[in-house]
Amino acid sequence: MDALKYVLLLLALAKYSESANILYVVPFTAKSHFIMLRPIGLELARRGHNVTVITGNKEPNPPPNYHQIMVDKKEIWELIGAGGRPNVFSMVNVPAEKFHEGILWKGGIAFTELVLNSTEIKAFLAKDNKFDLVISEQFFQEALNLFAYKYNAPLVLVTTYGNCMRHNIITRNPLQLATVLQEFLDVRDPTSFWGRMRNLYFSMYEYIYWRYFYMEEQEQLVKKYLKDLPQPVPNLYDVERNASLILVNSHFSFDPPTAYLSNVVEIGGSHLSKSDAKLPENLQKVLDNAKHGVVYMNFGSNVRSSELPEDKKKAILNVFRRLKQTVLWKWEEDILENKPENLVVQKWMPQKEILSHPNIRLFVSHGGLIGTQEATFHGVPIVGVPIYADQYNNLLQVQNIGYGKILEYHEIDEETLYNRVNEVLTNDSYRKKAKEVSRRFRDRPLNALDTAMFWIEYVIRNNGADYIKNPALELSWVASNMLDVYAFILILVLGVVFTTVKILSIVLSLFKSKDSKKQKKKRS
Ligand SMILES: *[C@@H]1O[C@H](CO)[C@@H](O)[C@H](O)[C@H]1NC(C)=O
Ligand SMILES: *[C@@H]1O[C@H](CO)[C@@H](O)[C@H](O)[C@H]1NC(C)=O
Ligand SMILES: *[C@@H]1O[C@H](CO)[C@@H](O)[C@H](O)[C@H]1NC(C)=O
Ligand SMILES: *[C@@H]1O[C@H](CO)[C@@H](O)[C@H](O)[C@H]1NC(C)=O
């Protein structure tokens, strides 16, 4: 017994000696982001690292080696001067350009400023802390990546969505525009000629705006709030290019397979790897007792079902009434008139726990990536109503693979909704496909969260692992794309062709003039 204790103590010590000081910069308040990012911070702490988190979501019972620095409380809608929270359903018709200019870029600048101007964060930055690693969310908060420079630590970026143009540009990974669609661009047929044209156009527009206008504004925030850094302060674009590792929230079993450099690692589904939360008693009962199974409807944390227009709300309730299944719906108000017998509403739903229940038959969703991954992980078919951002693309993948159907928001009426729901419920092919994708989504050498842990600790162990960064980062854009060599070959080929044509035409004209002289002689 004593020997066992001794061994355990030694193991604990060994663990401790490897533990690192990690700064985890995930201030963005959106719930869906935090659902994915939270387990990474907690797992790092569980493994013995000293984790300091800059966050907008307070952890109620953190372990002692998990320190939280809070962002001042403010709604993103207030920050961008939208005059309060808009009805999210109105964003169905917003084109990708407007979504970036009005919300992502504008919101990104405002939110980054909120972080840098927050009381706790200012106090934290004034202290003399040391960090071995900075992990930062790759989501419109680029000025905060400069913490890696401040603490002279390697930088790891983590995203809550899949592959995107900016990851590829900063790591010099190939863009793959033919198969990798910009994450927030909805195109009905992405691989068609016009689909690819739209993707190219939008990616160029995004790149120019992001790099030359938006990043300039982030630089202004650096000048305003991070004054006492050792000079010369590197520019934010170079700091980002120097990231050791990018963790991407995708997986090839669901997302399109793509070429990735060694330091771009897919960790899609990491928030599901070690989740063991239980259902609350009332829901457990409802789900256990549902003889005909359960249809679960939730439009996500940002979308409020109660903001639905009256006719659509009525149509949805009528469809529920016609189903023999029990229905669970996230409904945010106190009252719901005309509630069908088989409908259970609640203001908040523990989603991944609900989706893990064997009686779930269908998920009616807005197609957010986190919810889509949860349904995928648990093998639940989807009827999806995309509203904005990456939702259409996530659902298009689901539909193409064959475990769900898209229902466009403007199509919602009783008949179309009933038909779509009924088809996915009654045709067994959707359920079978969902089970198959679930199996392959889990089929990995290491689960997603442990994959993230391995690579983060790999970067720590190897002092930033500079050697895994793409050597093409040292080359100019022209050289890394071989454009100078291609241009040279093109000029050479054109030169040869031109010279050959020229010589041929001279020779021909010589023959011609000889001929005409002969003819003249003959005539005379
Ligand atoms: C852990 O990080 C905090 C900063 O959040 C620091 O004050 C503390 O000294 C660190 N602990 C160790 C053991 O390094
Ligand atoms: C920064 O925070 C202070 C309060 O701590 C506030 O008075 C000031 O308006 C903020 N500045 C900006 C630009 O938000
Ligand atoms: C079920 O759905 C699949 C895929 O959409 C389709 O190919 C098949 O014909 C459907 N079967 C029936 C009986 O409707
Ligand atoms: C790039 O990151 C490495 C650690 O990975 C660091 O040693 C180096 O100073 C960084 N270079 C720049 C220009 O930030």
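Residues numbered from 1 in each chain as written. Chains lettered and ligands numbered in written order. Predicted model: local features only at pLDDT ≥ 70, side-chain atom pairs only at ≥ 80, totals over all residues. Heavy atoms only, no water.

- The name an unreviewed UniProt entry assigns to the chain is UDP-glycosyltransferase UGT39B2, from the organism Helicoverpa armigera.

## Details of the domain arrangement of the chain
For interface size, the figure often reported is the accessible area lost on association.
Reasoning step 1: Split into domains, the chain comes out as domain 1 (17-273 + 447-474), domain 2 (281-442) and domain 3 (481-508).
Reasoning step 2: Computed from C-alpha atoms alone, the centre-to-centre distance between domain 1 and domain 2 is 29 Å.
Reasoning step 3: Taken together, the contact pairs 34 residues of domain 1 with 34 residues of domain 2.
Reasoning step 4: Both faces combined, the contact of domain 1 with domain 2 buries some 2,900 Å², and carbon together with sulfur accounts for 63% of it.
Reasoning step 5: A per-residue breakdown of the area domain 1 buries against domain 2 is headed by Phe-89, Phe-254 and Leu-272, which together make up 29% of the total.
Reasoning step 6: At the surface where domain 1 touches domain 2, the tally comes to 1 salt bridge.
Reasoning step 7: In this assembly, domain 1 and domain 2 are joined by 10 residue pairs in polar contact (both at pLDDT 80 or more).
Reasoning step 8: Here the element with the most residues in the side of domain 1 that touches domain 2 is helix H2 (residues 31-46); it accounts for 4 residues.
Reasoning step 9: For the side of domain 1 that touches domain 2, the class distribution of residues is 17 nonpolar, 11 polar and 6 charged. (Domains from an automatic or database assignment. Contact = heavy atoms within 4.5 Å. Buried area = accessible area lost by both parts, 1.4 Å probe. Salt bridge = Lys/Arg side-chain N within 4 Å of Asp/Glu carboxyl O. Polar contact = N/O pair within 3.5 Å; in protein donor to acceptor, adjacent residues only side chain to side chain. Helix = DSSP H or I, 4+ residues; strand = E, 2+ residues; numbered from the N terminus. Nonpolar A, V, L, I, M, F, W, Y, C, P; charged D, E, K, R; others polar.)

## With respect to the site of ligand 4
Reasoning step 1: The immediate surroundings of ligand 4 are formed by Pro-154, Asn-242, Ser-244, Gly-464, Asp-466 and Lys-469.
Reasoning step 2: At 2.4 Å, a side-chain N or O of Asn-242 approaches an oxygen atom of ligand 4.
Reasoning step 3: Between an oxygen atom of ligand 4 and a side-chain N or O atom of Lys-469, the distance comes to 3.2 Å.
Reasoning step 4: Bound to the protein, ligand 4 loses 52% of the 360 Å² it would expose on its own.
Reasoning step 5: A breakdown of the residues in the shell around ligand 4 according to their chemical character gives 1 nonpolar, 3 polar and 2 charged. (Near = heavy atom within 4 Å. Areas by Shrake-Rupley, 256 points an atom, 1.4 Å probe, with all protein chains shown as cover.)

## Observations regarding the UniProt feature "transmembrane region" (unreviewed entry) in the chain
Reasoning step 1: Mapped onto this structure's residue numbering, the UniProt feature "transmembrane region" (unreviewed entry) falls at residues 485-511.
Reasoning step 2: Taken end to end, residues 485-511 has its terminal C-alpha atoms 39 Å apart, with 100% of it in helix and 0% in strand. (UniProt positions renumbered as here; feature names shortened; annotations may be inferred.)

## A few points about the site of ligand 2
Reasoning step 1: Around ligand 2 sit Glu-113, Asn-117 and Tyr-225, and those are all the residues in its vicinity.
Reasoning step 2: Asn-117 is positioned such that a nitrogen or oxygen atom in its side chain is 2.4 Å from an oxygen atom of ligand 2.

## Here we look at the sheet that holds strand E5 (residues 155-158)
Reasoning step 1: With parallel pairing, the 7 strands of this open sheet are ordered in space as E3-E2-E1-E4-E5-E6-E7. Looking along the sheet, the strands with just one partner apiece sit at the ends: strand E3 (66-70) and strand E7 (264-266). With direction set aside, neighbouring strand axes in the sheet form an average angle of 20 degrees.
Reasoning step 2: Where E5 meets strand E6 (residues 245-248), 3 bridges bridge the pair, whose relative direction is parallel. Bridging from a neighbouring strand, Leu-157 pairs with Ile-246 of E6. (Pairing = 2+ DSSP bridges. Axes fitted to C-alpha atoms, helices over the stretch in contact; angles between N-to-C directions.)

## Some words on the packing of aromatic side chains
Reasoning step 1: Inspection of every chain in the model, using the stated rule, returns 29 aromatic pairs.
Reasoning step 2: Judged by centre distance (6.1 Å) and plane angle (70 degrees), the ring pair of Phe-89 and Phe-299 falls under edge-to-face. One end of the pair, Phe-89, is in the loop between helix H3 (76-79) and helix H4 (96-116); the other, Phe-299, is in the loop between strand E8 (294-298) and helix H11 (310-322), with 210 residues separating them in the sequence. Each member of the pair Phe-89 and Phe-299 is classed as buried. (Phe/Tyr/Trp six-rings, centres within 6.5 Å; stacked < 30°, edge-to-face > 60°. Buried < 20%, exposed > 50% of the residue type's maximum accessible area, 1.4 Å probe, protein only.)

## Describing a positive patch on the surface
Reasoning step 1: On the surface, Lys-514, Lys-517, Lys-518 and Lys-520 cluster together into a patch of positive charge.
Reasoning step 2: Relative to the helices and strands, Lys-518 resides in helix H19 (residues 483-523).
Reasoning step 3: For Lys-518, a relative accessible area of 58% translates into the label exposed. (Patch = residues over 30% accessible without salt bridge, like charges linked within 9 Å, V, L, I, M, F, W, Y side chains within 5 Å. Lys, Arg positive; Asp, Glu negative; His and termini not counted. Charge placed at Lys NZ, Arg CZ, Asp CG, Glu CD.)

## Here's the deal with the packing of helix H13 (residues 369-378) against helix H16 (residues 428-442)
In helix packing, the relevant descriptors are the interaxial angle and the interaxial distance, both defined with respect to the helix axes.
Reasoning step 1: Put simply, H13 and H16 touch, their axes get as near as 6 Å, and they point 100 degrees apart. Here H13 is positioned roughly perpendicular relative to H16, judged by the angle of their axes. Only Ala-434, Lys-435, Val-437, Ser-438, Phe-441 and Arg-442 of H16 make contact with H13, whose side of the interface consists of Gln-373, Thr-376, Phe-377 and His-378.
Reasoning step 2: Classifying every residue of the contact of H13 with H16 gives 4 nonpolar, 4 polar and 2 charged. (Parallel < 35°, antiparallel > 145°, perpendicular 65-115°, else oblique.)

## Quick notes on the packing of H11 against helix H15 (residues 414-426)
Reasoning step 1: One way to put it is that H11 packs onto H15 with a least axis distance of 9 Å and a crossing angle of 45 degrees. The angle between H11 and H15 falls in the class oblique. Viewed along their axes, H11 and H15 form a crossing whose handedness is right-handed. Together, Ala-315, Ile-316, Asn-318, Val-319 and Arg-322 of H11 and Glu-414, Glu-415, Leu-417 and Tyr-418 of H15 make up the contact between the two elements.
Reasoning step 2: When the residues that make up the contact of H11 with H15 are grouped by side-chain class, the tally is 5 nonpolar, 1 polar and 3 charged. (Left-handed = near helix turned anticlockwise from the far one by under 90°.)

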